[in-house]
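What the coordinates show
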Amino acid sequence: MNFVENIIHRLKKTPDRAVLQEVRDGKIVSATCAELLSRVQTARAFLRAAGVKRGDRAALLANNSINWAAIDLALMAEGIIVVPLYARQAPQELVGMMKDAGVSFVCCGDDNLRQAIADAWADAPPARLFDEIFVHRSDSIAIDDAPIADEDPATIIYTSGTSGEPKGVILNIGNVTYMLGCTNARLDLLMGARQQPDVVFHYLPFCFAGSWILLLTCLSRDSLLTMSTDLNKLVDEMKLAAPNYFLNVPALLERVRSGVEDQLSKKGGFAHSLYQKGKAAWFREQNGEARGMDSVWLALADKVVFKAIKKKLGPNLKALICGSAPLVKETQLFFRMIGIPVLQVYGLTETTAICTMDHPHQVTPGRVGPAIPGIEMKLGEGDEIIVRGPNIFPGYWNRQQETERVIKNGWFHTGDQGEVDSSGNWSIIGRIKNLIILSSGHNIAPEPIEEKVLKNLPATASQVVVVGNGRSFLSAIVTGDVTSEQAERAIEAVNTGMPHYKCIRAFHIDREPFSIENGLLTANGKLKRDLIASRLQAEIEGLYRTKKA
């Protein structure tokens, strides 16, 4: 049974169970399994009437919603290849990807977005709003048949395009079916014996591979998934959902940590003092440097402060799941300290989102867990992580040469530089293509240095980008509301203890953060390093004219 058939079977089995929810204006809008199946059935009837056929590509362009999930399932059940796109991207970028995929139909979430596509694409294929698709309920389509095989493409997900044009990653039915078996197994370990469905909160766009896999995982097990609809109200929506777990990116968890600590600092008094003593004792214990009174301070801090923080963040949280980039070790330890384990996941779109997952009961802070069962991982040339297994994509859409460049002898070359410990737990150092090679010949991964500098900057800082390829020393671009004194202190703190070639010798502050809107971040928030270097070429050249190593 493939994953589409399995989801439909499970939805039919418990028709009255609430399965998906949206938070809208502080209120919950929910759908039962039967209601979701009805929407899938209606969407399938609409697609057939519109002449969209098996093997066609259809764009799915909208924010997260119950209807998004229904259309996604309907398209796959019909054998139509889903091309999910990020609604915040510029219309020209969206049109470029749709043209590349050869989409013949567009399912669109709102009329403004549809009009923007029409304005940017004179010969655009038919585009229908969700409201048009679901306006008339249909009971004429059998929802049991899913005429698809393991080798059939399920989706084409476009990569972020940090350099060059985004590429369409094909994931087939077999890739996804295998991955959902792995994610379900990990969540079974986390949740243990259950009498009630998992309660899950979700805010990341479904058009990204990891986010989509979580949606499908929730639909393939007894879960109630609550979707955020307003990132500005994330905290309130999370409280309303009261989840057992949810998927995160590191940036959010790091903001939560700094927010908690800033609030305690401003409040001051006994609670702040006890937090500081308990935190210091906790980190000493983790480093094997415990002192005589540490156990006392830890017990007091846990009872008075740590438990209160956890209750405020989520009284029902069993864990937080984190992916898309490595999480700062100190942040992972912070959450463990207050009683909320963070489980890291590593993977790429090309690996059906996942290669490694932390075991819920055997977490090594600072690492992203072992390879999931059935997946082989090893280090290749230059410590590049290479992967083999049923999660590996069959290829890029219409890019045979690109496919052959990254898949060699059955091994997918990730482009990530990593290391693995004796227990098989992996850590990610950075991207091979981001390596900075100084004129001295030293090879430097910028990501760990950037992470450390940002950690030492105030919360008003947005990004740090280390540059220096072909130069005699490293420099940094710092964005956000930061003073020169703050940047200098942060860089000095990081330089201390670094080998000379890894020290940052100059910096430039740009008040405007890099963003999707100004074209310097990808759709999933990754730095477009080449474009940043080009955009700030004059400023970077100035750093090297005025400073000598």
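Note that this is a predicted model, so its numbers are computed, not measured. (Residues numbered from 1 in each chain as written. Predicted model: local features only at pLDDT ≥ 70, side-chain atom pairs only at ≥ 80, totals over all residues. Heavy atoms only, no water.)

To continue, consider the state of the cysteines. Summed over all chains, the structure comprises 0 disulfides. Unpaired in this structure, Cys33 has its nearest cysteine sulfur neighbour in Cys218, at a distance of 12 Å. Among the cysteines around Cys207, which has no disulfide bond, Cys108 carries the closest sulfur, lying 13 Å off. By relative accessible area, Cys207 is classed as buried at 6%. (Disulfide = S-S within 2.5 Å. Buried < 20%, exposed > 50% of the residue type's maximum accessible area, 1.4 Å probe, protein only.)

Within this structure, the stated rule accounts for 10 aromatic pairs. For the ring pair Trp68 and Phe206, a centre distance of 5.2 Å and an interplane angle of 55° mean the geometry is tilted. A residue pair is termed long-range when its members are at least 10 positions apart, and Trp68 in helix H3 (residues 66-77) and Phe206 in the loop between strand S9 (198-202) and helix H8 (209-219) qualify at 138 residues. Each member of the pair Trp68 and Phe206 is classed as buried. With a centroid separation of 6.1 Å and 90° between ring planes, the pair formed by Tyr275 and Phe306 is classed as edge-to-face. Linking Tyr275 in helix H11 (residues 269-286) with Phe306 in helix H12 (residues 294-313), this pair joins segments that are 31 residues apart in sequence. Assigned by exposure class, Tyr275 and Phe306 land together as buried. The structure contains a cluster of three or more aromatic residues connected by ring pairs, namely Phe201, Tyr203 and Phe246. Directly above the ring of Trp411 sits Lys378, whose terminal nitrogen or CZ lies 4.4 Å from the centroid. (Phe/Tyr/Trp six-rings, centres within 6.5 Å; stacked < 30°, edge-to-face > 60°. Helix = DSSP H or I, 4+ residues; strand = E, 2+ residues; numbered from the N terminus. Lys NZ or Arg CZ within 6 Å of the ring centre and 35° of its normal.)

In this fold, Gly415 is placed in strand S19 (residues 411-420). Looking at Gly415, the relative accessible area reads 14%, which means it is buried. When the C-alpha positions of Gly415 and Lys433 are compared, they lie 7.0 Å apart, and in sequence the two are 18 residues distant.

The next thing to look at is the environment of Lys310. Along the chain, Lys310 falls in helix H12. Considered as a pair, Lys310 and Ile338 are 28 residues apart in the sequence and their alpha carbons are 6.0 Å apart.

This part takes up the side chain of Thr349. Secondary-structure assignment places Thr349 in the loop between strand S13 (342-346) and strand S14 (356-357). Owing to a relative accessible area of 18%, Thr349 belongs among the buried residues under this scheme. Those residues in contact with Thr349 that lie beyond four places of it in its chain are Ile157, Val169, Leu171 and Ala209. (Contact = heavy atoms within 4.5 Å.)

Before going further, it helps to spend a moment on the pairing of strand S7 (residues 153-158). As a general feature of sheets, a regular strand has side chains that alternate between the two faces. For S7, the tally of buried residues reaches 5 of 6 residues, placing the bulk of the element in the interior. Looking at chain direction, S7 and strand S8 (residues 168-172) are connected through 5 bridges and run antiparallel. Looking at the pairing, Ile156 lines up with Ile170 of S8. (Pairing = 2+ DSSP bridges.)

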